[in-house]
Amino acid sequence: MRMRLKWLVFGLLSGLSTLAAAQQATLQDVRLWAASDKTRVVFDLAGETKPDLFMIDNPLRLVIDLPDARAVSKVGGERDGSGLIKRLRTGVRHGTDLRVVLDLAGKVNPKSFMLDPDADHGYRLVVDLRPSGSAANSIIASTSNTKGDGGASTANSTANAIAQVSDAPSRQPAAARAEPVARTPVRPSKDIVIVIDPGHGGKDPGAHGRNGTREKDVVLQIARRLKAMVDDQPNMRGVLTRDGDYYVGLRERMVEARKAKADLFISIHADAAPRGARATGASVYALSHHGATSEHARWLARRENAADLVGGVSLKDKDDSLASFMLDLSQSASIEASLDAGDRVLQELDGLGPLHKSKVQQAGFMVLKSPDIPSFLVETAFISTPSEERQLASASYQSKLASAMLSGIKGYFASYRPSTIIAQAQVHKVRSGETLSEIAQQYGVSVSRLRSVNGLTDNTIRVGATLQIPPPGNQQVAGLR
């Protein structure tokens, strides 16, 4: 997800920037997001600050001191926690500073970094908490993907500047003084943008079936259906790379996705087997690491072009080692997110019939090479197989394909951006081997809520049953755009 990747790049730059004195760092809002592997807290600030973080045992707490800061009334006091955080409290310290105390459910590894203002947000302090077997006073950002000795040196110093957490001695936090306030849902700052790419077009017809069905035609029809379904969802918007029978270059499709500020890119195709061979079923592809490496080299070679941005940040003024490090971080995160989104779509397609490949494959497809947009390619069926050619030409089957893709996409964003209302009236058909907890995690809802909505008395579910998926709760992932 594009929003998930930007904090990597902007965080790097924040460690390099020299900033002038700013206005008082008023705490305007606090946003919490709980995922399976970490809990994220985002503090929206009116000015820059230099936070001091330290852990306290018995009971476990993370203390965050914000010098020369105050909280507006709506975020002062106490509020319920989420994930690894049981409760969040704020209070005044030394009359001029703000102290935030996170009561923890278990031991964590904390990591923090500041983000500078951008077009949509002011200053932000981001704190990530990951479960740990032992208390951690400071965590240094990993630089294992850095290439070359010089690159490692620059990357290490940069990452350390952003991710270093203070190792101040333990001390008791001041009591919170403000009155508690109720939490309210936070609406997303922008729609989720899904760029849908119908393969081929114009002079490039793609594959064709024995009855003359052309790939370029059926994938455009499927893409249009998917866009209409996406547009019907609250807080989501679909964009087509082509909406007619004309040719669009492979790299131009990537450019169109970047112009649209895509949060996800999905390319739709129809497969074909060699003459005489018979194959069936759908498959999904994400970018391979070899494909990422070749694109990495190209971006480095062209970084003098100011239009080449990674996560909205120009590489033009960065040296080789830093630019390489930024690209490594961004592209690695992009591939990870692409595999996640692609797998969710693949599992939904499994409900339409046997798959050609049961796991997401990886290849060097050009359209998947954007370093900061999660991207995957769907081979919907084999147009060269007569039975699947007939299905692909059917409006009913095209709608089923589009609906399956939408369900996978919604599940992905429900996990990565849980406060966005994208799961209304959503249902899930239980497949063999699935558990209720796995389904709840897929859609970003609690097991108890899923049981309540479906009238279940325990966690027992049967294969083929249809579950109603409630909208995700009031948690908000950091929309770091």
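Positions within a chain are numbered from 1, following the residues in the order the chain's sequence is written. Where totals are concerned, whole chains, interfaces and linings use all residues; where local detail is concerned, this predicted model gives features only for residues with pLDDT of at least 70, and gives and counts side-chain atom pairs only at 80 or more. Working from all heavy atoms in the structure, the side-chain values ignore hydrogens and water.

*Asks:* Which parts of the structure should I look at to understand the pattern of salt bridges?
*Replies:* Any two side chains of opposite charge can pair, given that their charged atoms come close. The rule for a salt bridge is simple: a side-chain nitrogen of Lys or Arg has to be within 4 Å of a carboxyl oxygen of Asp or Glu. For the structure on display, the rule yields 15 salt bridges. Across the pair Asp128 and Lys38 runs a salt bridge, and its minimum N-O distance is 3.7 Å. Here Asp128 is found in strand β9 (residues 123–131), whereas its partner Lys38 is found in the loop between β1 (27–34) and β2 (39–45), with 90 residues between them in sequence. Across the salt bridge formed by Arg214 and Asp217, the nearest N and O atoms sit 2.8 Å from each other. Labels follow the DSSP assignment, with helices taken as runs of H or I lasting at least four residues and strands as runs of E lasting at least two, numbered in each case from the N terminus.

*Asks:* Can you walk me through the sheet that holds strand β17 (residues 375–382) in this structure?
*Replies:* Strands pair in a sheet through their backbones, by hydrogen bonds, and they do so in one of two ways: parallel or antiparallel. Strand order in the open sheet made by the six strands is β11-β10-β12-β17-β13-β16, with mixed pairing throughout. For this open sheet the edge positions go to β11 (236–240) and β16 (361–363), each flanked by a neighbour on one side alone. Recorded for the sheet is a direction-independent mean angle of 30° between the axes of neighbouring strands. Here, a strand pair is defined by DSSP locating no fewer than two bridges between the strands. The pairing of strand β12 (residues 264–271) with β17 spans six bridges and is parallel. When the bridges of β17 are listed, Ile266 appears paired with Phe376. Strands in contact with helix α3 (residues 215–231) are β10 (192–198), β11, β12 and β17; relative to β11, the strand with the most contacts, it is inclined by about 160°. Helix α7 (residues 386–393) contacts β12 and β17 of the sheet and is inclined by roughly 115° relative to β17. Under this scheme, a helix contributes an axis fitted over its contacting stretch, all axes are lines through C-alpha atoms, and angles between N-to-C directions fall in the 0 to 180 degree range. Should any heavy atoms of two residues lie within 4.5 Å, those residues are considered in contact.

*Asks:* Could you clarify how one ought to interpret a positive patch on the surface in this entry?
*Replies:* Where like charges cluster on the molecular surface, the positive patch consists of Arg210, Arg275, Arg278 and Arg390. In this fold, Arg278 is placed in the loop between β12 and β13 (283–287). Judged by its relative accessible area of 62%, Arg278 is exposed. Within the patch definition used here, like charges are joined within 9 Å and nonpolar side chains (Val, Leu, Ile, Met, Phe, Trp, Tyr) within 5 Å, considering only residues with over 30% relative accessible area and no salt bridge. Exposure was quantified through the Shrake-Rupley algorithm and a 1.4 Å probe, taking into account, for residues, occlusion by the shown protein chains and nothing else. Counted charges follow a simple rule, with Lys and Arg positive, Asp and Glu negative, and His plus the chain ends left uncounted. The location of each charge is read from NZ of Lys, CZ of Arg, CG of Asp or CD of Glu. Using a 1.4 Å probe on the protein chains alone, a residue whose accessible area is under 20% of its type maximum counts as buried, one over 50% counts as exposed, and one in between counts as partly exposed.

*Asks:* What is the right way to look at the sheet that holds β9 in this model?
*Replies:* Judged by pairing direction, the sheet is antiparallel, and its four strands sit side by side in the order β1-β2-β9-β8 without closing on themselves. The open sheet has two edge strands with one neighbour each: β1 and β8 (108–115). Averaged over neighbouring strand pairs, the angle between their axes works out to 15° when direction is ignored. Relative to β9, β2 runs antiparallel, the two being bridged by seven bridges.

*Asks:* What is the right way to look at the nonpolar core in this model?
*Replies:* The biggest cluster of nonpolar side chains holds 40 residues, and the ones touching the most others in it are Ile194, Leu226, Ile266, Ile268, Leu349 and Met405. Mapped by element, the contributors of at least two residues to this core are β10, α3, β11, β12, β13, α6 (320–349), β17 and α8 (395–416). Tallying contributions element by element places α8 first for this core, with nine residues. Counting residues in each nonpolar core, the second largest holds 27 residues, with Val30, Ile85, Met114 and Leu125 among its members. To form a nonpolar core, buried Ala, Val, Leu, Ile, Met, Phe, Trp, Tyr and Cys residues must be joined to one another through side-chain atoms within 4.5 Å.

*Asks:* Looking at this structure, I do not really get the pairing of strand β4 (residues 61–66). What am I missing?
*Replies:* Along any regular strand the residues' side chains alternate between the sheet's two faces. Within β4, six of the six residues are buried, which leaves it mostly tucked inside the rest of the structure. Of the two faces of β4, both are covered, the one formed by Arg61, Val63 and Asp65 as well as the one formed by Leu62, Ile64 and Leu66. Bridging between strand β3 (residues 52–56) and β4 involves five bridges; their strand directions are antiparallel. Within β4, the position partnered with Met55 by the bridge is Leu62. Connecting the antiparallel pair β3 and β4 is a turn made up of four residues, with Asn58 showing a positive phi of about 50°. As paired strands, β4 and strand β7 (residues 97–104) are joined by six bridges and run antiparallel to one another. Bridge pairing links Arg61 to Asp103 in β7.

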